[in-house]
Structure formats: structure tokens, C-alpha cells
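# Topology and contacts: notes
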Number of protein chains: 2
Amino acid sequence: MTSRSVDEHAGIVRQLLSRALTPGSETVPVPDALGRVLAEDVRAPIDLPVFRNSQMDGYAVDAASLHEVPVSLPVTATVAAGDAGPDRLAPGTAVKIMTGAPVPVGADCVVPVEDTDTDGGVVRIHAARRPGEFVRDRGSDVTAGTLLLAAGAALTARHLAMLAAVGLAEVPVLRRPRFAVIATGAELVPPGSSLGPGQIFESNSVALAASVRANGGDAVLVGHSTDVPDHFRELLERAVAAADVVLTSGGVSMGDFEVVREVLTPLGGWFGHVAMQPGGPQGLTTVDGVPVLSFPGNPVSTLISFEVFARGELRRCAGLAPVPTDRATLTVPAHSPPGKRQFLRGRRVTDGVTLESGPGSHLVAALARADVLLDIPEDVTTMQAGDDVRVWEL
Amino acid sequence: MTSRSVDEHAGIVRQLLSRALTPGSETVPVPDALGRVLAEDVRAPIDLPVFRNSQMDGYAVDAASLHEVPVSLPVTATVAAGDAGPDRLAPGTAVKIMTGAPVPVGADCVVPVEDTDTDGGVVRIHAARRPGEFVRDRGSDVTAGTLLLAAGAALTARHLAMLAAVGLAEVPVLRRPRFAVIATGAELVPPGSSLGPGQIFESNSVALAASVRANGGDAVLVGHSTDVPDHFRELLERAVAAADVVLTSGGVSMGDFEVVREVLTPLGGWFGHVAMQPGGPQGLTTVDGVPVLSFPGNPVSTLISFEVFARGELRRCAGLAPVPTDRATLTVPAHSPPGKRQFLRGRRVTDGVTLESGPGSHLVAALARADVLLDIPEDVTTMQAGDDVRVWEL
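Residues numbered from 1 in each chain as written. Chains lettered and ligands numbered in written order. Predicted model: local features only at pLDDT ≥ 70, side-chain atom pairs only at ≥ 80, totals over all residues. Heavy atoms only, no water.

### A closer look at the sheet that holds strand β22 (residues 290–295) of chain B
Residue and element names in this part refer to chain B. The line we're drawing: Being paired, for any two strands, means DSSP has found at least two bridges between them. Secondary structure elements follow DSSP: runs of H or I no shorter than four residues count as helices, runs of E no shorter than two count as strands, and numbering proceeds from the N terminus. Orientation is described by axes fitted as lines to C-alpha atoms, over the contacting stretch for helices, and by angles from 0 to 180 degrees between their N-to-C directions.
Within the open sheet, the seven strands sit side by side as β1-β19-β21-β22-β18-β14-β17. Their pairing is mixed. The open sheet has two free edges, formed respectively by β1 (2–4) and β17 (218–225), since each of these has just one partner strand. Here the average twist between neighbouring strands, direction ignored, is 25°. When strand β14 (residues 178–184) meets strand β18 (residues 245–249), the two strands line up parallel, connected through five bridges.

### With respect to the relation of the copies chain A and chain B
Applied cut-off: Overlaid copies result from least-squares superposition on C-alpha atoms, with residues included only where pLDDT is at least 70 in both. In what follows, a contact means two residues having at least one pair of non-hydrogen atoms within 4.5 Å.
When chain A is fitted onto chain B, the two copies agree to an RMSD of 0.0 Å after a turn of 180° and an axial shift of 0.0 Å. The two molecules are tied by a two-fold rotation axis, judged by turn and shift. Closest approach to the rotation axis within chain A is made by the C-alpha atom of Gly35(A), at a distance of 6.8 Å. Comparing interface residues between copies, 100% of those in chain A also sit at the interface in chain B, which points to an isologous, same-surface contact.

### Quick look at the packing of helix α1 (residues 6–20) of chain A against helix α6 (residues 299–318) of chain A
All names here are of chain A. Cut-off, in case you're wondering: Each crossing is labelled by how the near helix is turned from the far one, with a counterclockwise turn of less than a right angle marking it left-handed and a clockwise turn marking it right-handed. Side-chain classes are defined by residue name, with Ala, Val, Leu, Ile, Met, Phe, Trp, Tyr, Cys and Pro counting as nonpolar, Asp, Glu, Lys and Arg as charged, and the others, Gly among them, as polar.
Contact pair α1 / α6: the axes reach a minimum separation of 9 Å and the direction vectors enclose 35°. For the crossing formed where α1 meets α6, the hand is right-handed. In this structure, α1 uses Val6, His9, Ala10, Val13, Arg14, Leu17 and Ser18 to contact α6, whose residues at the interface are Val308, Phe309, Ala310, Glu313 and Arg316. Classifying every residue of the contact of α1 with α6 by side-chain character gives seven nonpolar, two polar and three charged.

### Quick word on the sheet that holds strand β18 (residues 245–249) of chain A
Residues and elements named next belong to chain A. One open sheet holds the seven strands; their spatial order is β1-β19-β21-β22-β18-β14-β17, and the pairing between them is mixed. Both outer strands of the open sheet, β1 (2–4) and β17 (218–225), are each paired with one neighbouring strand and no more. Pairwise comparison of adjacent strand axes, ignoring direction, gives a mean angle of 25° for this sheet. Inspection of the sheet shows strand β19 (residues 270–274) paired to strand β21 (residues 281–287) by four bridges, in the antiparallel sense. Its bridge partner being in β21, histidine 273 is matched across the sheet by proline 281.

### Side note on the packing of aromatic side chains
Residues and elements named next belong to chain A. To keep it simple, the criterion reads: Working definition: rings of Phe, Tyr and Trp (its six-membered ring) pair if their centres are within 6.5 Å, and the pair is stacked with planes under 30 degrees apart, edge-to-face with planes over 60 apart, and tilted otherwise. To sort residues, take the accessible area from a 1.4 Å probe on protein chains only and compare it with the maximum for the residue type: under 20% means buried, over 50% means exposed, and anything in between is partly exposed. Our definition puts a charge over a ring when NZ of Lys or CZ of Arg is within 6 Å of the ring centre and also within 35 degrees of the ring normal.
Counted under the stated rule, the structure contains two aromatic pairs over all chains. Summarising the aromatic geometry, the rings of phenylalanine 343 and tryptophan 392 are spaced 5.6 Å apart at their centres and angled 90° between planes, so their arrangement reads as edge-to-face. Of this pair, phenylalanine 343 sits in strand β25 (residues 341–349) while tryptophan 392 sits in strand β29 (residues 388–393), placing them 49 residues apart in sequence. With a relative accessible area of 0%, phenylalanine 343 lands in the buried category. Lying across the ring of tryptophan 270, arginine 4 places its NZ or CZ 3.6 Å from the centre.

### Observations regarding the environment of Leu303(B)
Checked against the element boundaries, Leu303(B) lands in helix α6 (residues 299–318). Considering only alpha carbons, one finds Leu303(B) and Lys96(B), 207 residues apart in sequence, at a separation of 67 Å.

### So, the pattern of salt bridges
Rule in force here: Here, a salt bridge means any side-chain nitrogen of Lys or Arg that lies within 4 Å of a carboxyl oxygen of Asp or Glu.
Under the counting rule described, the total for this entry stands at 38 salt bridges over all chains. A salt bridge links Glu234(A) to Arg238(A); its shortest N-O distance comes to 3.8 Å. Of this pair, Glu234(A) and Arg238(A) both sit in helix α4 (residues 229–242), separated by four residues, roughly a single helical turn. With a relative accessible area of 45%, Arg238(A) lands in the partly exposed category. Residues Arg36(B) and Glu26(B) are paired through a salt bridge, measuring 2.5 Å at the closest nitrogen-oxygen approach. Within this pair, whereas Arg36(B) is found in the loop between β2 (25–29) and β3 (42–43), its partner Glu26(B) is found in strand β2, the two being separated by ten residues in sequence. Shared partners join several salt bridges into a network, and the residues in it are Asp7(A), Arg341(A), Asp375(A) and Arg390(A).

Keep in mind that these numbers describe shape and distance, not what the molecule does.
Here it is in C-alpha cells:
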């Protein structure tokens, strides 16, 4: 069985995924675009405000008419929001105006209704105003052609408000990469059913699908396969047709019933050992141009394989920030087998990071409690409390 | 027109919302529960592992048989993952075993296949093993009855993996509060259409719906209303029937065509002025037991009203952390009208926060660029660069 280092296998996987996961774009309605990543720069198609309008309910006048206050002016028209309004204000007159309504040519300020009284068709104005007061000029927020948002922006509610305000009904966003998931193993039964002797609940497809979604992808749950090759082949065919990348769990190690290895090796798949714990047995195949990443079946091995080999490229293609890695102080001793890169489950504490459990690849409850992976290099077998360790954010 | 301080109005709104938004729970399939908030504590219904099983592909033996190695033992059976396996291992024999398969009574360790050779029905073992090696004991990860996750946990992929592993197909999560949204204004046309004179694009319903979703709620877009009271009444009726809370925008101020105020005042609504900028004109009504929060129609006023009056209670009911507020150093001077609490749009910079725009309530592009609101108290009119200011995270 061939053997590779983590970096070597990760590099080969990355190269395959980077070819398969070319960022594509799709157009979605603006109301559905919350959290999506913009695929192209967006420029304003119009000025905002699109016309000069009133900031208040009141009277549009020429400030020159207010040299001496109080002053009484005839009201020649009323303009509500949504009205075209009169073309022009005659000198020495006023137009009653609502918030958001267009300010007629000839008026240069708005007197708020609170500073006025009316008597029939005449308004009495108590306070003088400067030109421009309570008037919003065309283009004072945005001028047509301005860059509103750059490609790569993760869209918030405020971004969507702005896109709608300039009249955009749709927006180009990055397509979510599609990952199909197949769990394998004769011992697996679906959660919610009852266990027979030797059986366990199938959790890897839920775990991988949720991990894909949490990192900007769409997950296709193809189902779980028994150890019968034809069953696996059938699911594989559906998975390859449906997705950019296929993830499998189980069936890759040294046993007699390794359905994934058995089916994929003749298709040119590489199956071997990666010098890591957990997650040692790994497979990698290209089927009809679609990369098939084959992870071991222990729940912890599967999830850590996803973190180490798939998450980074998925996030890159989805336009998300890289997986954060960091260094932290170990608060307890840690041990690691020689020649293997060890990913221990850890948790942040006040003064650094602590271990959440032992190295066992079946400890799913401990993984659920962890918030970091501690990355112990191949050539390190013992670390002391106080040592500096590399951590991956989960 | 009556007037209230921000704190006074916020207190009244909070009281109404806290009665309307009682956290409820619903049961969802585990695969759909990513990001949902757990409504109840979850305890393990079973031990995990549910039976003693092999960590490796190899041979299950009694460690006592390996006193002297190499040693040859007859292989009496093969047990694969998913098999019940033999009841008991006879002394001085071995059972071939796959990863995850049950270890028979009488065996206390597993010898990895790498440390063996076979010849017919006999295995030759090269290396001694201690009792317990490569055997995962029943309950070594989780024992039945253990608290797996406490109510209030926001569910991650790793949590879902654990819930599936203990056999849970469904999980109780907090119901998402439902907010219906109605935008009003005769001047509004949907994005994607063309503007007539005096018309603007309707952006408030998108903005409010996305804000609701971003804070753990479900949004129901009821549509946008003209200034015709019967039209608004019809949308209001649908909104009240569909949601826990209704948000309206526009139609609340001092103009002649204020459809929201006109329809809701006779139903017992309060409409008045809150001493804040932007967002001064506000309304609050209870219709058939459903709170109707009426925000002003300027896009910035609407979104800031949501932040100030609705976001906190929505997040509380959705089980999310409170809106983060903080203090920061102002890097530029700021001005605020006397007697009004001012929410200026700001942005974090290296040495504090800066202003993103002037106070105009129509500046949606500036709001889109902002990442904080600067909260300037009623009694402050001028702040200097270097002053300490309260900020709300957007």
C-alpha cells in the first residue's frame, strides 16, 4: 500500500478540486441573495435620489421669498410622493409638498409644516430657510456608474436594500459548489430505526452534508451503500451526475469488504495511507471528470478528512474566507505517534487550548464539544503544557 | 402629536414583543437542523459505541494467547462490520475481524492485520498485544443518559453528526419568529420595472425581510401598499393572519396621505414622534393580538428603526446572542441635534470608528458601507475626535 504525507496528499487533492471547482455565477432575485457572495462588481444604473425631492412634509418655496418672515404666500399646488408635480414654481408662491415628492424647478428649499399656518389658499411661514434646506439633491447618495459593491462581497440586508433602491431585481452571485455524499458500510442503519446486533447508526452523510453547507456549498445526499459493489456503483453513478465533487465515507481500509476501494481502484483510483491520525486510509479517484474523495468511515476520521482535504477548496470556490489557522498555547501535555501528523480535538480556554479527548477516531461526542483541531507535526511525539501549537478553527 | 424618548418607546415595544414572541419549539429532521437553536436539552438514548468493537482490521484474540510470539492460532470465524459475529472466542483461537465489527466475548484485544500472516485456516501473529488494545469499549464515548447538548446550543455539523450517531432522526429546535412586512407609498415601484416621474424603487420590504432572516426570523413579504386605505387594510389583514409581528414602512408622518396612521389610529394605534434621528415618526398598534410596528418610509430610517426597536427581541426569541454593543473612539468630530438621540452610520478603522456619511435618512449607499451605528445621546450636540462613543454592531 502506498503512503503519502498530509501535505503531499492535500496538494494532489487541491489540484484536482481546483480544476473541478471553477467558480461559476448564477443570477438570483435580490430578496433571495442574503449571505450569497457577489460574482461581479455592481455599479449604480441610476442616480440616487433619482430626482430632487423633499426631506419633509411642508412647503416648497424659493428661499428668496423668505427674506422677511413671517410672510404669506399663495399655495398654487400640492405635490405628493409619487406625483410628477408642477413643472415650475412661480416666484412669490409656494407648493405644498410631502416627504419624497419632487421639488419643482424654481423652489430651492422646503419649509417644514411645523413652521407654517394655513388660511384658505395661503400659507403663512414663520421661519426663514437657506437654499437647499430640507431638499435632497439628485445623486447626493449615489451617482449613476458608481461602484456600489465589489465582486466577492458577502451580501447583507443593507446591501440588498441598496441594490433594490437602485432598481436591481436580480444580482449575479457565485454558484454554490455541489458536493454529493455517499456513506458506505453494511453495519449502518438510518437514525430513527432500531439497531440489530453489530449495527450502528449512520451519521457520516449528515455530518459531511452539513459541513459542506456550513462552508458555502450545496450537498446532495445520494444515500448510503451496503458493501455490495453494484449497490455502490449505482449510487456513485447518480452522485457523479449530480455534483462537482463526490465525497464517500468508509470502505477504504485493509479489511475484506472494502467496497469503495474495490469499485474505484479499477477506475484508476489511488488508495493508500496518509501519514495522519485520525484519517489514515484515504482514496482519490476521478470518475467522468468528477473528483471522488474517499474518506475512512469512522465518524471522527471522516469529519477531520473533510477539514484537512476538502474544506479549504470548497470555501475558496464559494468565495468565503480561508479556514482560519492560528497558534495557541497548549495548557496540557499531548502525545502523538512518530511519523504521523496528528489532529487532536481541542477547545479554547482562557489561557490557550486544552484537549477535548483522546485520539480515538470513534469519539464523536468529544468532537462535538471541540472548537479547534490541534495540528501536531509528524516529527513531534510529545508536547508539554506551555508549548506553542498550531490550531485550525472548526 | 405625542413625543417619547427612544428608551421609553423601546421599552413599550419590547413589552409588546416579549408577549407576542414567546419562544416555541418545533421538531425538524436532523439533516435540516444546521444553524438552528436547540429548544431542549438532549440526552444520549444509547451508549456510544453501542457495543464493544474493533478499531482495526485484524484478528480478535485473548492477549493471554500471545505470551510468546510469534504464535500460530486457528481462525475459527470471520466477523465483518454489521455482523453479529460468534458469541464467544474459544481459548487459543482467533477470529478474523474488520474495523467496527463486534469483538466476541473471550477476546480482549485486536492484532492489526499488518502484524500477521495467514496460512490456510491459521494466523501467525508476530507482535504481542496488551488487553484492550485496538478495542473500543461500549460507552467509551458516551453513556446512555449523558447530557449531549444543552438547550440553546446553535447546531453545527459536528453536533448533527453526534445526534445522528446516537440514532436521533429529529431534534427539537426553537421555532423561528415570523415577521410580516408591508411597505407603503404611492411613489414606490418594484425593482426591475421602469420609473415614472416622481417614482422610486421599493427597497424597504427587501431590507426588512433580509434583516429579519439575518436575525433568526422568518419573513413573510405581504406586498407593498398604495396610499389607498382599503388596499393597506387588505394587506394588513393578511399580514396579521400570517405572522407573530407585523412591520410596516412609510405612511406615519405629518403629510396628507399617511395611510398607515390613518388606518391604524382608529384601531387604537399610537402614532407620535420618538426623539431620535433618523426614525423620528413611529407607530405602534396591536391588531388581533399581533403587534404592528410602523416605521417611517425613508430606507435608512426603516432599517435603523428595525435595529433599535425590533432586532433585540427577535434575537432573544430566536435564541441568538444579544445585539453586540460596545464603546469605541471617535476618529472624527460628530454633530447631533439637541434633544434627539442620533444614530450615525459609522465604520471601524484601525484606531476607532469613523463616520460613513452625513445624517440624511435617504443615504442607503452609505448605510450599506457602514458596519456600526454610532449612538449619540439626546443631550450631546458635539463630539470631538478622541471622544468615546457607544456603537452598535450592524
